[in-house]
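Geometric and topological summary
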Amino acid sequence: MADAASSRDVVERPASTERIVTLTVNGQSHTLRLDTRVTLLDALRDRLGLVGTKKGCDQGACGACTVHVDGRRVLACLTLAAQAEGREITTVEGLSAGDAPHPVQQAFMEHDGFQCGFCTPGQIMSAVALMAEGRTGSDEEIREFMSGNLCRCGAYPNIVAAIRDAASRGGRDAHL
Ligand code: FES
Ligand code: FES
């Protein structure tokens, strides 16, 4: 018969929620021991040091944490790291080819598509996906499909101009 102390252990000790998760990020495989409740955003920033992906609201409202999973944009703050196992994850650090910026990054620089820059990685990840989704037919369409990415600096006109320009070049130099 269990004594009082061991009975309390059985009741109070939570089952382990950790597991080994292998994440493929920007083409590199990383095996981590993670709590299954850890978000992809926290795994990228806190465990892998990929701090280009920003934490804004941490509740799915600002788009600052946008990354690609299997080529589709997702909000890393609403995605569990364990859910991304076996998928191809791309962060803003993985967009450029060596020293050459991605064409969308280049367009953001040419059009001053940022001020403080905090929202910019998420904007750029969304913009790259937007071109792949074929949602750059007009400024209105760009605005609508970029509406999940907020910019507190109000750089929206320049962001739209950058995306329009990148799209007009056909994204032909895009690495994704
Ligand atoms: Fe993920 Fe704001 S930090 S949507
Ligand atoms: Fe500052 Fe967008 S450039 S929040």
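The model shown is predicted, which means the values in this text are computed figures rather than measured ones. (Residues numbered from 1 in each chain as written. Chains lettered and ligands numbered in written order. Predicted model: local features only at pLDDT ≥ 70, side-chain atom pairs only at ≥ 80, totals over all residues. Heavy atoms only, no water.)

The subject of this paragraph is the overall build of the protein. Within the protein, the regular secondary structure consists of six helices and five strands. Along the protein, helices and strands appear, N-terminal first, in the series α-β-β-α-β-β-β-α-α-α-α. Here the protein holds 176 residues, and 39% of them are scored as buried. Accessible surface for the protein amounts to roughly 9,600 Å². Of this, 49% is attributable to carbon and sulfur atoms. (Helix = DSSP H or I, 4+ residues; strand = E, 2+ residues; numbered from the N terminus. Buried < 20%, exposed > 50% of the residue type's maximum accessible area, 1.4 Å probe, protein only. Areas by Shrake-Rupley, 256 points an atom, 1.4 Å probe, with all protein chains shown as cover.)

Moving on to helix H4 (residues 120-133). Taking 1.5 Å of rise per residue, the 14 residues of H4 would be expected to cover 20 Å, and the 19 Å separating its terminal C-alpha atoms lies within 8% of that figure. The element H4 is extensively covered by neighbouring structure, given that twelve of its 14 residues are classed as buried. Taken residue by residue, H4 has Thr 120, Pro 121, Gly 122, Gln 123, Ile 124, Met 125, Ser 126, Ala 127, Val 128, Ala 129, Leu 130 and Met 131 as its buried positions. Two residues or fewer past H4, Gly 134 is found with a positive phi of approximately 70 degrees. (Expected span 1.5 Å × (residues − 1).)

Turning to the pattern of salt bridges, a few remarks are in order. In this structure the tally under the stated criterion is twelve salt bridges. Here Glu 140 makes a salt bridge to Arg 143, at a shortest N to O gap of 3.5 Å. Of this pair, Glu 140 and Arg 143 both sit in helix H5 (residues 139-145), separated by three residues, roughly a single helical turn. Three or more residues joined by partner-sharing salt bridges are found here, namely Asp 42, Lys 55 and Asp 58. (Salt bridge = Lys/Arg side-chain N within 4 Å of Asp/Glu carboxyl O.)

Its place among the elements puts Ala 132 in helix H4. Through-space distance from the C-alpha of Ala 132 to that of Gly 71 is 8.6 Å; in sequence the pair is 61 residues apart.

Two elements in contact, helix H3 (residues 103-110) and H4, have axes separated by 9 Å at closest approach and are oriented at 125 degrees. Judged on the interaxial angle alone, H4 and H3 are oblique. Handedness of the crossing formed by H3 with H4: right-handed. On the side of H3, the interface is formed by Val 104, Gln 105 and Phe 108, while H4 contributes Thr 120, Gln 123, Ile 124, Ala 127, Val 128 and Met 131. For the contact of H3 with H4, the class distribution of residues is six nonpolar, three polar and no charged. (Axes fitted to C-alpha atoms, helices over the stretch in contact; angles between N-to-C directions. Parallel < 35°, antiparallel > 145°, perpendicular 65-115°, else oblique. Left-handed = near helix turned anticlockwise from the far one by under 90°. Contact = heavy atoms within 4.5 Å. Nonpolar A, V, L, I, M, F, W, Y, C, P; charged D, E, K, R; others polar.)

Okay, the side chain of Gln 105 next. Mapped onto the elements, Gln 105 comes out in helix H3. For Gln 105, a relative accessible area of 16% puts it in the buried group. Look past the residues within four positions of Gln 105 in its chain and what remains in contact with it is Val 92, Leu 95, Ser 96 and Ile 124.

Considering soluble globular proteins, one finds that nonpolar side chains tend to be buried as a cluster. Grouped together as the largest cluster of nonpolar side chains are 21 residues, with contacts concentrated most on Val 104, Phe 108 and Ile 163. Per-element accounting of this core gives the leading share, six residues, to H4. Not counting the four nearest positions on each side in its chain, Val 104 is found in contact with Ile 124, Ala 127, Val 128, Met 131 and Ala 166. Core analysis: the second largest hydrophobic core is formed by 19 residues, Leu 34, Ala 43, Val 67 and Ile 89 among them. (Core = buried A, V, L, I, M, F, W, Y, C linked by side-chain atoms within 4.5 Å.)

Here we take up the confidence of the model for the protein. Within the protein, residue pLDDT values average 91, and 88% of them lie at 70 or more. Counted against residues more than four places away or in other chains, residues 1-5, with its pLDDT under 50, gives one contact. In the model, residues 172-176 has pLDDT below 50 throughout and makes 15 contacts with residues more than four positions away in sequence or in other chains. (pLDDT = per-residue confidence, 0-100.)

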